[in-house]
Amino acid sequence: QVQPVESGGGLVQPGGSLRLSCAASGSAFRLYRISWYRQVPGKQRELVATITSGGSTSYADSVKGRFTISRDNTKNTVYLQMNSLKPEDTAVYYCNAGISGSGSWGQGTQVTVSS
């Protein structure tokens, strides 16, 4: 079973940028649908962006035009480039990877947007 590993979180000022990475092992990586979710305490986990095995992407309305999801199958990695960050983007960001069904979750990486 695939085990995604997130990295790249941290503290950034409003208006700044961060790039998150989601790495997953296995020769079937190119077949995975990869999604980024985020969660703040007391709220449900929110879908942020998805990239399919064919490279199609989709985004939550709240991040359209600011976030970009991409994949590099040669590195078994999916990226989430986050620009023009806002305080409301503060959350733990999780990667979900799978071919079908509910997929597998990573451990999460904290993103804090604050001055």
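Relevant structure appears above.
Note that the structure is predicted; figures quoted are calculated from it, not measured.

Caption draft 1: Region of the structure containing the pairing of strand 11 (residues 109–113). The side-chain alternation of strand 11 yields one buried face, formed by T109, V111 and V113, and one unburied face, formed by Q110 and T112. Pairing geometry for strand 2 (residues 10–12) and strand 11, over three bridges, is parallel. When the bridges of strand 11 are listed, G10 appears paired with V111. Where strand 9 (residues 91–98) lies against strand 11, three bridges are found, and the strand directions are antiparallel. Counted as the bridge partner of Y93 is T109 from strand 11.

Caption draft 2: Seen up close, the sheet that holds strand 1 (residues 5–7). A sheet is described by the order of its strands in space; here four strands give the open sequence 1-3-8-7, paired in antiparallel fashion. Two strands lie at the open edges of the sheet, namely strand 1 and strand 7 (67–72), each paired on one side alone. Sheet twist, expressed as the mean angle between neighbouring strand axes with direction ignored, is 15 degrees. In the sheet, strand 1 pairs with strand 3 (residues 18–23) via three bridges, with the strands oriented antiparallel. Paired with E6 across the bridge in strand 3 is C22.

What counts as what
- Residues numbered from 1 in each chain as written.
- Predicted model: local features only at pLDDT ≥ 70, side-chain atom pairs only at ≥ 80, totals over all residues.
- Heavy atoms only, no water.
- Buried < 20%, exposed > 50% of the residue type's maximum accessible area, 1.4 Å probe, protein only.
- Helix = DSSP H or I, 4+ residues; strand = E, 2+ residues; numbered from the N terminus.
- Pairing = 2+ DSSP bridges.
- Axes fitted to C-alpha atoms, helices over the stretch in contact; angles between N-to-C directions.

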